[in-house]
Amino acid sequence: MKHALILISALLLTPIAALHAAPSPDSHIVIASEAGAKLDSDVTKGGGTDDTALIQSILDRAPKLGSLKLVADGAILVKGLKVHSNTTIECVTSDCGFFLADHADQPIIRNADPSATERKNRNITFLGGTYNGNSAKQTHITLSSKLPPGKNWTVAFAMYGVEQVTMRDVTIVDMTTLAVQFSNWRRVTCENVFIHLSQKPEPLQCGIQFQGPGQFLSMRNIHGNPGDDIIALNADDYNCDWNKQGEFKGNDIFGPNVSFGPISDVDIDGVFIDGGHNGIRILSRVSRVDRVSIRNVQGTFTKYGFFISPAWRPGGNLGNITFENIDLRPLEPDFGPLPFVFLIQGNIEQLTLRNIRSHLPVDSRPVVWVQPSSDIGVLRVDGMSLYQKDPHSAKTPAIQVDGHIDLLSVNNVTLSRPAEMPIEGSLVRTDPDRTKLKQYYKIGRSVLNSLYPWAVNGRGWPEAFESLERKPQINRLHLSNISVNRIKSVLQHDTGDIGHLQFDNVMTTDVPNPISVGGDAKIGEISSTTKSEK
């Protein structure tokens, strides 16, 4: 009993601070508050004590310890942090996380050893929490901005030369440019990531962007309202082009350590866009993009839907790309010179669009627009549902083909219009009008001219404008299991050549001319399940 009383007395006399002593520098798990972080900031408003030095000193233990887990149990004001290999940052709630200090002009998080050629950092995990880029108090960057030597864009997360990165249950708010930029990456998982802009978007406030080279990407449940693409798979972006000698080379437009190269083995399932500007972009001029599956994309957008392109010019190197279960609706009519849901350019071996829905469109944009510079092996549209009531959408074809396709297979399509809709438009059209395209290409050339003045008349641009003179060519066109009403034609073929048209199980109501051939257009052979004629 005497010894127990002595022990109790000793505990009562011990200072509280000693009972909650700072964690050992050899601890593999560090709780921010116990390490001395003030946690007096706010992930939505900022303010508080700058804890950059303390938090960075904790993260810098990882190389010595072999692994480190930092638990952020409050809101922390920082000027930018670097993470090493074998590091986990976990925030206990969405009210915990990091707020970028005014005028920091740095990423909130970047990997410690960035590289465009090696993957020097691996096994990095971000779990939970909110990361606020405080964009209103940072220097905004445009494509034509001249970056100081050694400086990259002010993104929220900069991951350059990384392997085995996981981001789960993370919210990214008010990023200055990109929410996340991956470059030279392998084995990346992003799940339940929410991207939110609390104010009117600035240009280039994109979502999650992947620069090549990269392989093995899994994304699930990505939400947001970005000011540009919510997801971009950019094997070849603005940071590479043909030089004066005709060589395809990189540049520092994004800053050092941002690479370009092939991207493959990508699985994206569940993307929800809440009035963001654009959907998903895939860019390839030279580098290959292959084995890409994108499924279950829903929501609303204000500018463009899906953009597959070598950035206006001929080129592209795409293997097998699939989009499935898409219901993405424009909020604003006729944005810009060239509105579209899917814009397709470049060299593509096989592209599948499955279960595409266009419900109550508000303008004249086609659902699928194949550009003149396209050379596609197989374009398969398998399952398309169109429900139209606005007269503005009456004349527009659902699928407009201005390029070259070996096999275009359009199956399982319904197009429904009420009686008050005028009988206009078509399901598939080859269109000789290049007015909008010429304007769009001029805009593209002016954008890139601001980046590469020497390249505006170099390789790529003469070919781009020459492609506008190409006539559509479809070697084999298969239309089957189609039900449409109140359009002029199922196929409106106004220019170019179709080698063989196969027409099966097509039901039409109030369609005066199911197959319309005009101008200099030609069809070599027309066949169906019951007859074949030339």
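Values in this document were obtained by computation on a predicted structure and should not be read as measured data. (Residues numbered from 1 in each chain as written. Predicted model: local features only at pLDDT ≥ 70, side-chain atom pairs only at ≥ 80, totals over all residues. Heavy atoms only, no water.)

S.K.: Lay out helix 3 (residues 52-59) in plain terms, naming residues and giving numbers.
M.R.: Helical geometry: 3.6 residues make up each α-helical turn, so side chains three or four residues apart lie on a common side. Of the positions making up helix 3, those classed as buried are Thr 52, Ile 55, Gln 56, Ile 58 and Leu 59. Within helix 3, the buried residues cover an arc of 155 degrees as seen down the axis, which keeps them to one side. (Buried < 20%, exposed > 50% of the residue type's maximum accessible area, 1.4 Å probe, protein only. Helix = DSSP H or I, 4+ residues; strand = E, 2+ residues; numbered from the N terminus. Arc of directions from axis to C-beta.)

S.K.: Which residues make up the nonpolar core, and what values go with them?
M.R.: The biggest cluster of nonpolar side chains holds 111 residues, and the ones touching the most others in it are Phe 98, Phe 126, Phe 182 and Phe 323. In contact with Phe 323, not counting residues within four places along its chain, are Ile 282, Ile 294, Phe 306, Ile 308, Phe 342, Leu 351, Thr 352, Leu 353, Arg 354 and Ile 356. (Core = buried A, V, L, I, M, F, W, Y, C linked by side-chain atoms within 4.5 Å. Contact = heavy atoms within 4.5 Å.)

S.K.: Can you explain the side chain of Ser 527? Please cite residues and give values.
M.R.: For Ser 527, the location among the structural elements is in strand 30 (residues 522-528). By relative accessible area, Ser 527 is classed as buried at 8%. One polar contact links Ser 527 to His 500, side chain to side chain, over a distance of 2.7 Å. (Polar contact = N/O pair within 3.5 Å; in protein donor to acceptor, adjacent residues only side chain to side chain.)

S.K.: I'd love a proper account of the pattern of salt bridges, names of residues and values included.
M.R.: In total, this model carries 28 salt bridges according to the counting rule given. For Asp 50, the salt bridge identified is with Lys 79, shortest N-O distance 3.6 Å. Separated by 29 residues along the polypeptide, Asp 50 in the loop between strand 1 (29-31) and helix 3 and Lys 79 in the loop between strand 3 (75-78) and strand 4 (81-83) bring together distant segments of the chain. Relative accessible area serves as the criterion here: at 35%, Asp 50 is assigned to the partly exposed category. Residue classification places Lys 79 among the partly exposed residues on the basis of a relative accessible area of 48%. In this structure, the salt-bridge partner of Arg 122 is Glu 163, at a minimum N-O distance of 3.9 Å. Of this pair, Arg 122 sits in strand 8 (residues 121-127) while Glu 163 sits in strand 10 (residues 157-173), and the two are 41 residues apart along the sequence. A relative accessible area of 35% means that Arg 122 is categorised as partly exposed. A cluster of three or more residues bridged by salt bridges with shared partners is formed by Asp 265, Arg 288, Asp 290, Arg 291 and Glu 349. (Salt bridge = Lys/Arg side-chain N within 4 Å of Asp/Glu carboxyl O.)

S.K.: Go over the pairing of strand 6 (residues 97-100) with me, naming the residues and quoting the values.
M.R.: Sheet topology places strand 3 next to strand 6; 4 bridges connect them, and they run parallel. Across the sheet, the residue bridging to Leu 77 is Phe 99, located in strand 6. The pairing of strand 6 with strand 9 (residues 130-132) spans 3 bridges and is parallel. Bridge pairing in strand 9 places Phe 98 opposite Tyr 131. (Pairing = 2+ DSSP bridges.)

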